[in-house]
Amino acid sequence: MANLILVVNSGSSSIKFGLFKSASQSRFPKCVCRGVLTGIGDSPTTQIDQHTMQNIPQQAVDAFAQLTFSTLTEAHHALSQWLCRFLSSLSIATVCYRIVHGGNQFNQPVRLDSDVIQAIKSLIPLAPLHQPIGLDAIEVFMASFPDATHKACFDTAFHRSMPRVAQTFAIPKHMTAAGIKPYGFHGLSYHYIATVLPDSNDGHLPARVIIAHLGAGASMCALKDGKSIASTMTFTPLDGLPMATRCGAIDAGAVLYMASELKLTFAEISELLNQQSGLLGLSANSGDFRTLLSSNDKDALFAIEYFVYRACREMTSLMGALQGVDAIVFTGGVGANSSHIRQQICQQLSWLGIAIQADFNRANNVLISGENSAIKVFAINSDEEVMMASSA
């Protein structure tokens, strides 16, 4: 197979990849092979999605299961070497990378060159946990596939449709001009959901939609006629909802207090807010929803209670931006798969006339609301990789 698209979606502890080929008769490129390297830095594992395998030899599948790595860079190299060695008969024409922050510079996918890479590097302070990961992938795979076209796909780009009022902080104009403004994230996920939602709604996209991308990283987005008009994540992926280890929204004065009165350094504050807070900080045990949901520990239960409380507050604030809501979509690893979290959030919003059907919700159906619900509620798995491949 020639002219394939390789997608590399790297996170802090996992790398998702996919091989796609253009399909002129289809909305999205067709997946040839898809897999994931997980547990990076802890208990590394690999998994190939057998349902997507097309013309991939069993020898390659067996070799993928044998990959070893302990760091993110090692995992990138292991994946690259596997592709070059065992799939050498496949011609990769384009490599697409998920880059979390595009700043003011990038509002759509862009071909990588030295200037673009330098611009991405300049945005590291805005996403210090995520930006270096994308840059590491770029370095490894550009060296492995020098003849391919390489493109960056930005998680912030989808939100450039937000009105000015939603892309502004109440700070002096010269600070806004310096790039201190709300950007929004998880845009690739939101774009995918906006594209496929009509398939589950009689071919129509509801006018006012709130998408809840819930997982280790969590945010929500308000869509009006398919365009982002507001999001809970703002300047960095630290804001908004509480996450696995990130605090979410916090008074800036509390951060100043940590520095002035508690004498924490910048590095200590960054570590505290990014790595030690969120569900982990609240439970003092784990940031993993599965662990917390299976525990009877009072702190674990409170962490879930707090998450649901904040989710309901953020969701209703987005309803204000939309002046109502016609549909809610849960996505992300938790949103699309945790019936318990969906049930708790919808129960607290029942005053809006939301009524989910318990058996639909437990089965992770696409439509989980009942016929008597005033607002349609969906649970849809997102696909950032196919969205990235579509940009090739």
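Structure: above.
Being a predicted model, the structure only gives us computed values, none of them experimental. (Residues numbered from 1 in each chain as written. Predicted model: local features only at pLDDT ≥ 70, side-chain atom pairs only at ≥ 80, totals over all residues. Heavy atoms only, no water.)

### Description of the overall build of the chain
Then, number 1: Counting its regular elements, the chain contains 15 helices and 12 strands.
Then, number 2: Taken over the C-alpha trace, the chain has a radius of gyration of 21 Å; the compact-globule value for 392 residues is 21 Å, and the two agree within 12%.
Then, number 3: Dimensions along the principal axes, computed over C-alpha positions, put the chain at roughly 55 × 55 × 45 Å.
Then, number 4: A buried classification covers 51% of the 392 residues belonging to the chain.
Then, number 5: On the chain, roughly 17,900 Å² of surface is accessible, and the fraction owed to carbon and sulfur atoms is 51%.
Then, number 6: A gap of 7 Å separates the mean positions of the 26 positive and 29 negative side-chain charges of the chain. (Helix = DSSP H or I, 4+ residues; strand = E, 2+ residues; numbered from the N terminus. Rg over C-alpha atoms; globule rule 2.2 N^0.38 Å. Buried < 20%, exposed > 50% of the residue type's maximum accessible area, 1.4 Å probe, protein only. Areas by Shrake-Rupley, 256 points an atom, 1.4 Å probe, with all protein chains shown as cover. Lys, Arg positive; Asp, Glu negative; His and termini not counted. Charge placed at Lys NZ, Arg CZ, Asp CG, Glu CD.)

### A few points about the layout of surface pockets
Then, number 1: As a volume, the second largest pocket reaches approximately 900 Å³.
Then, number 2: Along the walls of the second largest pocket sit 30 residues, with Phe-235, Thr-236, Leu-238, Val-255 and Leu-273 positioned nearest its centre.
Then, number 3: Looking at the lining of the second largest pocket, the elements that each hand over two or more residues are α7 (252-260) and α8 (266-275).
Then, number 4: Classifying every residue of the lining of the second largest pocket by side-chain character gives 18 nonpolar, nine polar and three charged. (1 Å grid on protein atoms, 1.4 Å probe; cavity = no way out; pocket = protein on both sides within 12 Å on 5 of 7 lines; lining within 4 Å. Points joined across faces, edges and corners; volume = space filled by probe spheres on them. Nonpolar A, V, L, I, M, F, W, Y, C, P; charged D, E, K, R; others polar.)

### What to know about the packing of aromatic side chains
For any pair of aromatic rings, the description consists of the separation of the ring centres together with the inter-plane angle of the planes.
Then, number 1: A complete count under the given rule lists nine aromatic pairs for this structure.
Then, number 2: With 4.9 Å between their ring centres and 80 degrees between their planes, Phe-289 and Phe-307 make a pair best called edge-to-face. Residue Phe-289 is found in helix α10 (residues 289-293), and its partner Phe-307 is found in helix α11 (residues 298-322); the two are separated by 18 residues along the sequence. Just as Phe-289 is buried, Phe-307 falls in that class too.
Then, number 3: Cluster of aromatic residues (ring-pair linked, three or more members): Phe-17, Phe-64 and Trp-82. (Phe/Tyr/Trp six-rings, centres within 6.5 Å; stacked < 30°, edge-to-face > 60°.)

### A closer look at the sheet that holds strand β7 (residues 149-154)
Then, number 1: The seven strands are arranged β4-β3-β2-β1-β5-β7-β6 in an open sheet whose pairing can be described as mixed. For this open sheet the edge positions go to β4 (45-48) and β6 (110-111), each flanked by a neighbour on one side alone.
Then, number 2: As defined by bridge partners, strand β5 (residues 92-99) adjoins β7 across six bridges and the pair is classed as parallel. Bridge pairing in β7 links Tyr-97 to Ala-152. (Pairing = 2+ DSSP bridges.)

### Focus on the pattern of salt bridges
Then, number 1: Using the criterion set out here, one finds eight salt bridges in the structure.
Then, number 2: One salt bridge in this structure joins Asp-199 and Arg-27, with 2.5 Å as the shortest N-O distance. Separated by 172 residues along the polypeptide, Asp-199 in the loop between α6 (187-196) and β8 (208-213) and Arg-27 in the loop between β2 (15-21) and β3 (30-38) bring together distant segments of the chain.
Then, number 3: Residue Arg-98 is joined to Asp-155 by a salt bridge in which the shortest nitrogen-to-oxygen separation is 2.9 Å. With Arg-98 in strand β5 and Asp-155 in the loop between β7 and α5 (173-177), the pair connects residues that are 57 residues apart, well separated along the chain. (Salt bridge = Lys/Arg side-chain N within 4 Å of Asp/Glu carboxyl O.)

### With respect to the nonpolar core
Then, number 1: One finds Leu-6, Trp-82, Ile-120 and Phe-141 to be the most contacted residues of the largest nonpolar core, which totals 48 residues.
Then, number 2: If we skip the residues at most four places from it in the chain, Ile-120 touches Ile-99, Phe-106, Leu-112, Gln-131, Leu-135, Ile-138, Ala-152 and Phe-154.
Then, number 3: Leu-123, Leu-241, Ile-345 and Leu-349 belong to the second largest nonpolar core, which has 44 residues in total. (Core = buried A, V, L, I, M, F, W, Y, C linked by side-chain atoms within 4.5 Å. Contact = heavy atoms within 4.5 Å.)

### Regarding unusual backbone geometry
Then, number 1: One non-glycine residue with positive phi stands out, namely Asp-225, at about 55 degrees.
Then, number 2: Among the secondary structure elements, Asp-225 is positioned in the loop between β9 (219-224) and β10 (227-231).
Then, number 3: The backbone phi angle of Ala-284 is positive, close to 55 degrees, even though this residue is not glycine.
Then, number 4: Here Ala-284 shows up in the loop between α9 (278-283) and α10.
Then, number 5: In this structure Ala-284 comes out as exposed when scored by relative accessible area, which is 67%.

### Comments concerning the pairing of β5
Then, number 1: Within β5, seven of the eight residues are buried, which leaves the element mostly enclosed by the surrounding structure.
Then, number 2: When strand β1 (residues 4-10) meets β5, the two strands line up parallel, connected through five bridges. Paired with Leu-4 across the two strands is Ile-92, which belongs to β5.

### Some thoughts on the sheet that holds β8
Then, number 1: Strand order in the open sheet formed by five strands is β10-β9-β8-β11-β12, with mixed pairing between adjacent strands. In the strand order of this sheet, the two ends are held by β10 and β12 (376-379), each with one partner. Within this sheet the neighbouring strands show an average axis-to-axis angle of 25 degrees, counted without direction.
Then, number 2: The sheet contact formed by β8 and β9 spans six bridges and is antiparallel. Within the sheet, the bridge partner assigned to Ile-210 lies in β9 and is Ala-222. (Axes fitted to C-alpha atoms, helices over the stretch in contact; angles between N-to-C directions.)

### What to know about the packing of helix α1 (residues 58-65) against helix α2 (residues 72-86)
Then, number 1: Running from N to C, α1 and α2 point in directions that differ by 160 degrees, and their axes come no closer than 11 Å. The pairing of α1 with α2 is recorded here as roughly antiparallel in orientation. In this structure, α1 meets α2 at a crossing whose hand is right-handed. For the pair α1 and α2, contact is made by Gln-59, Ala-60, Ala-63 and Phe-64 and by Leu-79, Trp-82 and Phe-86, respectively.
Then, number 2: Grouping the amino acids of the contact of α1 with α2 by side-chain chemistry returns six nonpolar, one polar and no charged. (Parallel < 35°, antiparallel > 145°, perpendicular 65-115°, else oblique. Left-handed = near helix turned anticlockwise from the far one by under 90°.)

These figures capture arrangement, not role.
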